Amino acid sequence: MKKVKWGVLGAGGIADRRTIPGMMLADNAELVAVMEINMELAEKFRAKYNAKRAYDNTEDLVNDPEVEAVYIASPVIYHKDQVLAAAKAGKHILVEKPIAKSIEECNELVEACNKANVLTATGFVMRYNAYNMAMKKIVEEGKLGQIVSCRGQLTCWYPEIPGAWRQKKELSGGGALIDMGVHCIDLIEYITGAKTTEVVGFNETKSFKYDVDDSSNILLKLSNGATAYVDSHFNIPDAAAKCRLEIYGTKGSILAEGTIGQVDGGKVEVVISDAEGYDANQTRNEVKPLELDVELGNPYTREIESFSDSILNGTKINVPMTDAVWVQKVVEAAYRSGEEKRVIEVK
């Protein structure tokens, strides 16, 4: 099988923990080069994954003639320059979320990549969770009826850490919302097939002393008439957070725990009810929940295989960069809502 030859910009962090190991399992991908902030680190990851070459700067990697596609997993502040460099070099690009610090930068990147005629995708990897894909199918088939309400939750414990770029607004663009809430926004829109039209946000720093939000609670109005609640936190212990995803409709519900995360897995219950008429007793145990039966695997492998297939065979890109631009627009509206204390229209 023909394989896309990949280079990785920012081989530590999430790339080392999840994406590169997933890439190594992909049938249609081959890692050929890695880049890190110094050659010692770059060589460490080159040796770990048996890549051919190691680099300590963006330009050398993107100009490697063997590299066909670039995965960008560096801190957000570097995304803009690295995407522009990769596009100029004619490389296809998979970039982690958020793709840039602002909507203006996001639009600039899309324009540059379109001009360079390179394919682009975004690292909303949770779309590739087997349960989340199954949930989308259930909703698309109309089994829940009219979707009326949703909730997405993603939290972690993230205290003050010296040098942590996510805790400085000038480096990250924001805190819990832009780092984790984006996954919930994207998943809710992906599963329901609806877009956000209005947003109200409460984004605060309640527990720590860094200058980004450690607590975010936002309410979305969706284009299908449903409302959605997204809460994301840096101040709730990992063991205490269930990372729930809930979808409610006129014919049933999906209640999930642990499907918003970095591994396939979790627990999902589906309730389908064709109840008619008003029940004054409000009986809630007449329908036995169904458990979804899915084939678990590696969502990062699916992500790499999907984009590699788009490069090799022209298949539709599952998570185009324009989807990340839209989510960025929702996030910026949510931040503005909190600052101005009003409902913000998203369009």
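That block above? That's the structure.
Here the structure is a predicted model, which is why all the values come from computation and not from measurement. (Residues numbered from 1 in each chain as written. Predicted model: local features only at pLDDT ≥ 70, side-chain atom pairs only at ≥ 80, totals over all residues. Heavy atoms only, no water.)

1. Focus: the side chain of Arg127
Worth spelling out the cut-off: Every helix listed is a DSSP run of H or I at least four residues long, and every strand listed is a run of E at least two residues long, numbered separately from the N terminus. Type-normalised accessible area, obtained with a 1.4 Å probe on protein chains alone, sets the label of each residue: buried when under 20%, exposed when over 50%, and partly exposed for intermediate values. Each polar contact in these results corresponds to two N or O atoms within 3.5 Å; when the atoms are within protein, one needs to be able to donate a hydrogen and the other to accept it, and residues that are neighboring in sequence are counted only if both atoms are side-chain atoms.
Following the sequence through the fold, Arg127 ends up in the loop between strand 6 (120–122) and helix 6 (130–140). A relative accessible area of 5% places Arg127 in the buried class. Among the polar contacts made by the side chain of Arg127, one reaches the side chain of Asp323 at a distance of 2.8 Å.

2. Focus: helix 1 (residues 13–24)
Our working definition: Expected span of a helix, by definition, is 1.5 Å for each gap between consecutive residues, and there is one gap fewer than residues.
Under the 1.5 Å per step criterion, the end-to-end length of helix 1 is 16 Å for 12 residues, consistent within 8% with the ideal 16 Å. What helix 1 keeps buried is the set Ile14, Ala15, Asp16, Thr19, Ile20, Gly22 and Met23.

3. Examining the environment of Gly265
Condition: Contact criterion: two residues are considered in contact whenever any of their non-hydrogen atoms come within 4.5 Å of each other.
With respect to the secondary-structure elements, Gly265 resides in the loop between strand 12 (252–257) and strand 13 (267–272). Considered as a pair, Gly265 and Asn132 are 133 residues apart in the sequence and their alpha carbons are 9.9 Å apart. Discounting chain neighbours no more than four positions away, the residues touching Gly265 are Asn129, Tyr131, Gly258, Thr259 and Leu296.

4. Observations concerning the pairing of strand 2 (residues 29–35)
Looking down a regular strand, the side chains alternate between one sheet face and the other. For the record, the criterion: Two strands make a pair as long as DSSP finds a minimum of two bridges between them. Orient the strands so they point away from the viewer, and a crossover whose first-strand-to-second-strand path over the helix runs clockwise is right-handed.
Across the seven residues that make up strand 2, a large majority, six, are buried. Bridge count between strand 1 (residues 4–9) and strand 2: six bridges; the pairing is parallel. For Val8, the partnering residue across the bridge sits in strand 2 and is Val34. With three bridges connecting them, strand 2 and strand 3 (residues 53–55) associate as parallel partners. Of the residues in strand 3, the one forming a bridge with Ala33 is Arg53. After leaving strand 2, the chain enters helix 2 (residues 39–49) and then returns to the sheet as strand 3, a path that is right-handed.

5. So, unusual backbone geometry
The peptide bond linking Lys97 to Pro98 adopts the cis configuration, its omega dihedral lying at -20 degrees. Relative to the assigned elements, Pro98 resides in the loop between strand 5 (92–95) and helix 5 (103–116). Of note in the backbone geometry, Asn50 takes a positive phi value of approximately 55 degrees without being a glycine. We classify Asn50 as exposed; its relative accessible area is 65%. The phi angle at Lys341 is positive, at roughly 55 degrees, despite the residue not being glycine. Inspection of the secondary structure puts Lys341 in the loop between helix 10 (321–340) and strand 15 (344–345). By relative accessible area, which is 74% here, Lys341 ends up exposed.

6. Let's talk about the layout of surface pockets
What counts, and what does not: Residues are said to line a cavity or pocket when one of their atoms sits within 4 Å of a point; the points come from a 1 Å grid over protein atoms alone, cavities being sets where a 1.4 Å probe fits but cannot get out and pockets being open sets with protein on both sides within 12 Å along at least five of seven lines. Grid points are joined across faces, edges and corners, and a volume is the space filled by probe spheres set on the points. Ten residue types, Ala, Val, Leu, Ile, Met, Phe, Trp, Tyr, Cys and Pro, are classed as nonpolar, four, Asp, Glu, Lys and Arg, as charged, and the remainder, Gly among them, as polar.
Taken as a whole, the largest pocket holds about 1200 Å³ of empty space. Residue lining of the largest pocket: 44 residues in total, with Ile14, Arg17, Arg166, Asp179 and Gln262 positioned closest to the centre. Grouping the constituent residues of the lining of the largest pocket by class yields 22 nonpolar, 14 polar and eight charged.

7. Considerations on the sheet that holds strand 5
Definition in use: To obtain each axis, a line is fitted to C-alpha atoms, and for helices this fit is confined to the stretch in contact; angles are then taken between N-to-C directions over 0 to 180 degrees.
Taken in spatial order, the six strands line up as 3-2-1-4-5-6 in an open sheet, and their pairing is parallel. The strands lining the two open edges of the sheet, one partner per strand, are strand 3 and strand 6. Recorded for the sheet is a direction-independent mean angle of 25 degrees between the axes of neighbouring strands. Note: strand 4 (residues 69–72) against strand 5, four bridges, orientation parallel. If you follow Ala69 over to strand 5, its bridge partner there is His92.

8. Digging into the nonpolar core
Nonpolar side chains in soluble globular proteins tend to be buried together. Test applied: Definition used in this section: a nonpolar core is a set of buried Ala, Val, Leu, Ile, Met, Phe, Trp, Tyr and Cys residues joined via side-chain atoms within 4.5 Å.
Of all hydrophobic cores here, the largest spans 112 residues; its most connected members are Trp6, Val8, Ile93, Met135, Ile185, Leu220 and Ile254. Leaving out residues up to four positions away in the same chain, Val8 has contacts with Ala15, Ile20, Met23, Leu31, Ala33, Val34, Met35, Leu61 and Tyr71.

9. As for helix 6
In terms of burial, helix 6 is a largely internal element, eight of the 11 residues being buried. By the burial criterion, the buried members of helix 6 are Ala130, Tyr131, Asn132, Ala134, Met135, Lys136, Ile138 and Val139. Buried-residue contacts for helix 6 involve strand 7 (147–155), helix 8 (176–192), strand 11 (244–249), strand 12, strand 13 and helix 9 (299–313). Two or three places before Tyr131, at the opening of helix 6, Asn129 has a side-chain oxygen 2.8 Å from that residue's backbone nitrogen. Where helix 6 terminates, the next one or two residues include Gly142, which has phi positive at roughly 80 degrees.

Read these as geometric descriptors, not functional statements.
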